[in-house]
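Chain by chain, the residues run as shown.
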Amino acid sequence: GVQRRSGAHAWRLGRYILGRIGDALLVLWAAATLAFFTLRLVPGDPVDQLLVGIYDVTPEIRAQVAEHYGFDQPLIVQYVLFIGRLLTGDLGTSYQRQSQVTDVLAAEMWPTIQLTVLALALALAIVLLVAPLTAGRNRVVRGAVQGIELLALSMPSFWLGILLMTAFAFAI
């Protein structure tokens, strides 16, 4: 009896884990597909975007660039090649930095980790300082803090990022 129940439990757990992995793979595929087709829907020729700032572009150069990046292929072929490269870990070349995207991501990983840890530490410090002030004592302080929380939660994160960059990164 007990062995049969534990076997059934292991089976359910295995199915659950495989289902979650399948869901994750489906989300990754959908995100990659959405990104691919969204970039293709941007108005203009992608070759023109790559050649911005270069003035003496001949039709031969345009054709070489289109062939190099696969823009001369039908859209479905571009998509299949894109998914195939993703499956092999090839994220391609950054147009702006002219280096492999995986190298760019690896170079930016440590600063991202540092910022994340700093942000978590700052959030924890703020919580530890504000929580005693709002623990049912002062309605005015609690209302002000709740208003700030509401504003922070309802503001889009990209907008908050722009405001913070403007405040701290640019000399005014």
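My aim in this report is to walk through the structure given alongside it, one point at a time. Quantities reported herein were computed from a predicted structural model and do not represent experimental measurements.

### Regarding helix α5 (residues 101-133)
Logical step 1: Taking 1.5 Å per residue, 33 residues should reach 48 Å; α5 reaches 46 Å between its end C-alpha atoms and fits that length.
Logical step 2: The sharpest bend along α5 measures roughly 35 degrees and falls at Met109, with the proline Pro111 sitting one to four residues further on.

### Section: a nonpolar patch on the surface
Logical step 1: Taken together, Leu13, Tyr16, Ile17, Leu18, Ile21, Leu25 and Leu28 make up a surface patch of nonpolar side chains, about 740 Å² in accessible area.
Logical step 2: Along the chain, the position of Leu18 falls in helix α1 (residues 2-41).
Logical step 3: The class for Leu18 is exposed, based on a relative accessible area of 61%.

### Notes on the packing of aromatic side chains
Logical step 1: One pass over the structure, following the stated rule, counts five aromatic pairs.
Logical step 2: Chaining the aromatic ring pairs together yields one cluster made of Phe36, Phe37, Tyr79 and Phe82.

### Things to note about the nonpolar core
Logical step 1: Within the largest apolar cluster, five residues are counted, these being Val47, Leu51, Val65, Ala66 and Phe71.
Logical step 2: If near-sequence neighbours (up to four positions away) are discounted, Ala66 is found in contact with Val47, Phe71 and Asp72.

### Focus: the layout of surface pockets
Logical step 1: By volume, the largest pocket amounts to about 1,000 Å³.
Logical step 2: Lining the largest pocket we find 32 residues, and of these Arg40, Tyr69, Phe71, Thr93 and Tyr95 sit closest to its centre.
Logical step 3: Of all the elements in the fold, those that place two or more residues in the lining of the largest pocket are α1, α2 (46-50), α3 (59-69), α4 (75-87) and α5.
Logical step 4: The biggest single contributor to the lining of the largest pocket is α4, with five residues.
Logical step 5: The calculated volume of the second largest pocket comes to roughly 390 Å³.
Logical step 6: As for the second largest pocket, its lining consists of 13 residues, and the residues nearest its centre are Ala123, Ile126, Val127, Val130 and Ile148.
Logical step 7: Per element, the largest residue contribution to the lining of the second largest pocket is seven residues, and it comes from α5.

### As for the pattern of salt bridges
Logical step 1: Taken as a whole, this structure holds two salt bridges when the rule is applied.
Logical step 2: With a closest N to O distance of 2.5 Å, Arg62 and Asp45 form a salt bridge. Remark: Asp45 occurs in the loop between α1 and α2 and Arg62 occurs in helix α3; sequence separation between them is 17 residues.
Logical step 3: Using a relative accessible area of 28% as the deciding quantity, one classes Asp45 as partly exposed.
Logical step 4: Between Arg62 and Asp48 there is a salt bridge, and its shortest N-O distance comes to 2.5 Å. Linking Arg62 in helix α3 with Asp48 in helix α2, this pair joins segments that are 14 residues apart in sequence.
Logical step 5: According to the relative accessible area criterion, Arg62 is partly exposed, its value standing at 28%.

### Regarding the side chain of Gln78
Logical step 1: Along the chain, Gln78 falls in helix α4.
Logical step 2: Exposure remark for Gln78: the relative accessible area of 10% places this residue in the buried category.

### Considerations on the environment of Val65
Logical step 1: Note on placement: Val65 falls in helix α3.
Logical step 2: Classification of Val65 as buried rests on a relative accessible area of 15%.
Logical step 3: Discounting residues that sit within four places of it in the chain, Val65 has contacts with Val47, Leu50 and Leu51.

### Remarks on the side chain of Thr33
Logical step 1: Along the chain, Thr33 turns up in helix α1.
Logical step 2: Judged by relative accessible area, Thr33 falls into the buried class, the value being 14%.

Criteria and cut-off values
- Residues numbered from 1 in each chain as written.
- Predicted model: local features only at pLDDT ≥ 70, side-chain atom pairs only at ≥ 80, totals over all residues.
- Heavy atoms only, no water.
- Helix = DSSP H or I, 4+ residues; strand = E, 2+ residues; numbered from the N terminus.
- Expected span 1.5 Å × (residues − 1).
- Bend = angle between axes of the 7 residues up to and from the residue.
- Patch = residues over 30% accessible without salt bridge, like charges linked within 9 Å, V, L, I, M, F, W, Y side chains within 5 Å.
- Areas by Shrake-Rupley, 256 points an atom, 1.4 Å probe, with all protein chains shown as cover.
- Salt bridge = Lys/Arg side-chain N within 4 Å of Asp/Glu carboxyl O.
- Buried < 20%, exposed > 50% of the residue type's maximum accessible area, 1.4 Å probe, protein only.
- Phe/Tyr/Trp six-rings, centres within 6.5 Å; stacked < 30°, edge-to-face > 60°.
- Core = buried A, V, L, I, M, F, W, Y, C linked by side-chain atoms within 4.5 Å.
- Contact = heavy atoms within 4.5 Å.
- 1 Å grid on protein atoms, 1.4 Å probe; cavity = no way out; pocket = protein on both sides within 12 Å on 5 of 7 lines; lining within 4 Å.
- Points joined across faces, edges and corners; volume = space filled by probe spheres on them.

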